[in-house]
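If you want the building blocks of each chain, they are given just below.
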Amino acid sequence: MNSPTRRSVLSGLGVLMLGACAGAPRQTPQRGFEPNRFQSWDETAPAYRLFPGDEVEVVVHTAQELNRTLPVGPDGRVSLPLAGSVMVAQMTGPEAARAIADRYVRVLRDPIVEVRPVSYGAQQILVGGEVRSPGVYDMISARMGVLEALTLAGGANNRARLRQVVVLRRAENGGVMMRTVNVRDAQQGAPTDIIPLARHDIVFAPRTAIAEINDFTELYIRNILPLDNAFAYALADQVFNSN
């Protein structure tokens, strides 16, 4: 990501930064890593959820003159004929179809609606820790892995613990999953557990141990750079709040 794009992302989240900085300076919590605050990693690909910038085909089987291919706007809504704006962001296709059908009930009898994504907006991840240019990056392919993510961020510096790079991902139920990847072995050609990344994944290269993930989430995820607000809040709750 070039500098102007990164500045744009940061500016857009300025309100969050100001809120985090208001009042007395906060002390970064010093505590050991608590793996029980994260869910077990699930390899099953969750159902795709719509996001601003995606484009969807809305098919109204009971009134086909209303069929449209529509963009999901920056506010997460699609603008429908006769029904107005309907929120579809963070919904699966069937969930969006039900939301749209509920709106069309006002003007149609027993509407049957189908929603299919036809194109996708920017797929972004966050790369942080001991890398040369931490920040938000567009994914370069659907099969992009941790090593490619580190390369996008200018590569890891000589302090990075590449045998224990952390990947965080939001689970289907809103919780947070965590796993580590041995990038050092991958660089040396040895078999290793390299996983494809997904939109809004967080890749963190620690300096000494994964206990640093506490400091990283406090500084960057909770206060400054949440790629997705719901994910940021879930992550903060998982890591910092007591059960």
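Up top is the structure these notes are about.
Nothing here was measured: the structure is a model prediction, and the numbers come from that model.

*Asks:* Help me understand the sheet that holds strand β10 (residues 202-205), please; the structure alone is not making it clear to me.
*Replies:* Strand-to-strand pairing in sheets goes through backbone hydrogen bonds, with the strands running parallel or antiparallel. In spatial order, the strands read β7-β6-β10-β8-β9; together these five strands make up an open sheet with mixed pairing. The sheet terminates laterally at β7 (135-138) and β9 (176-181), the two strands that pair on one side only. Within the sheet, the average angular offset between the axes of one strand and its neighbour, ignoring direction, is 25°. As paired elements, strand β6 (residues 124-129) and β10 share four bridges and run parallel to each other. When the sheet's bridge partners are listed, G129 is paired in β10 with A205.

*Asks:* Which parts of the structure should I look at to understand the environment of V131?
*Replies:* As for its placement among the helices and strands, V131 is situated in the loop between β6 and β7. It is 6.6 Å that separates the C-alpha atoms of V131 and G154, two residues lying 23 residues apart in sequence. In this structure, V131 is in contact with L150, A153, G155, A156, N157 and A205, ignoring residues within four places of it in sequence.

*Asks:* Would you take a moment to explain the packing of aromatic side chains for this structure?
*Replies:* Where two aromatic rings form a pair, the distance of their centres and the angle of their planes describe that pair. Under the criterion given, the structure shown has one aromatic pair. When the ring of Y48 is compared with that of Y120, the centres are 4.9 Å apart and the planes differ by 80°; the resulting orientation is edge-to-face. Separated by 72 residues along the polypeptide, Y48 in the loop between α2 (14-21) and β1 (55-60) and Y120 in the loop between β5 (113-119) and β6 bring together distant segments of the chain. Using a relative accessible area of 47% as the deciding quantity, one classes Y120 as partly exposed.

*Asks:* Explain the nonpolar core here, please?
*Replies:* Here is a general trend for soluble globular proteins: nonpolar side chains tend to be buried in one another's company. Counting 23 residues, the largest nonpolar core has I125, V127, V146, L150, L197 and V203 as its most contacted members. Going through the elements one at a time, β6, α4 (146-152), β8 (165-170), β9 and β10 are the ones with two or more residues in this core. No other element matches α4, which puts three residues into this core. Ranked by size, the runner-up nonpolar core spans 20 residues in total, among them V72, V78, Y104 and V113.

*Asks:* Quick question: what am I supposed to make of the environment of P52 here?
*Replies:* Residue position: P52 is located in the loop between α2 and β1. Residue P52 is classed as partly exposed on the basis of its relative accessible area, which comes to 23%. Measuring from C-alpha to C-alpha, the distance between P52 and G73 comes to 5.3 Å, with 21 residues separating the pair along the chain. Beyond its immediate chain neighbours, meaning those up to four positions away, P52 contacts V72, G73, P74, G76 and A89.

*Asks:* Sorry, what's going on with the pairing of strand β3 (residues 77-80) here?
*Replies:* Along any regular strand, the residues point their side chains to alternate faces of the sheet. A one-sided burial pattern is seen for β3, the buried positions being V78 and L80 and the unburied ones R77 and S79. The pairing of β3 with strand β4 (residues 84-87) spans four bridges and is classified as antiparallel. Looking at the pairing, S79 lines up with S85 of β4. Hairpin connection of β3 to β4: three residues between the antiparallel strands, including L82 at a positive phi of 75°.

*Asks:* Just checking my understanding: could you explain helix α3 (residues 93-104) for this structure?
*Replies:* Every α-helix winds through 3.6 residues per turn, so residues three or four apart in the chain are directed the same way. Here α3 spans 16 Å end to end across 12 residues, near enough to the 16 Å set by a 1.5 Å rise per residue. Those residues of α3 lying buried are G93, A96, A97, I100, A101 and Y104. What you see down the axis of α3 is that its buried residues fit within an arc of 135°, all on one side. For α3, the exposed residues lying more than 90 degrees away from the buried face are R98 and D102.

*Asks:* Mind showing me how you'd approach unusual backbone geometry here?
*Replies:* Glycine aside, residues mostly have negative phi angles, and peptide bonds mostly take the trans form. Phi is positive for D110, which is not a glycine, with a value near 50°. Mapped onto the elements of the fold, D110 is located in the loop between α3 and β5. In this model, H200 sits at a positive phi of 75°, which is unusual for a non-glycine residue. Tracing the chain through its elements places H200 in the loop between α5 (183-187) and β10.

*Asks:* So what exactly am I meant to see when it comes to the side chain of D54 here?
*Replies:* Within the element layout of this structure, D54 appears in the loop between α2 and β1. A polar atom in the side chain of D54 sits 2.6 Å from the side chain of Y48. For D54, the residues in contact, after removing those within four places along its chain, are Y48, R49, L70, P71, V72, S119, Y120, G121 and R199.

What counts, and at which threshold
- Residues numbered from 1 in each chain as written.
- Predicted model: local features only at pLDDT ≥ 70, side-chain atom pairs only at ≥ 80, totals over all residues.
- Heavy atoms only, no water.
- Pairing = 2+ DSSP bridges.
- Helix = DSSP H or I, 4+ residues; strand = E, 2+ residues; numbered from the N terminus.
- Axes fitted to C-alpha atoms, helices over the stretch in contact; angles between N-to-C directions.
- Contact = heavy atoms within 4.5 Å.
- Phe/Tyr/Trp six-rings, centres within 6.5 Å; stacked < 30°, edge-to-face > 60°.
- Buried < 20%, exposed > 50% of the residue type's maximum accessible area, 1.4 Å probe, protein only.
- Core = buried A, V, L, I, M, F, W, Y, C linked by side-chain atoms within 4.5 Å.
- Expected span 1.5 Å × (residues − 1).
- Arc of directions from axis to C-beta.
- Polar contact = N/O pair within 3.5 Å; in protein donor to acceptor, adjacent residues only side chain to side chain.

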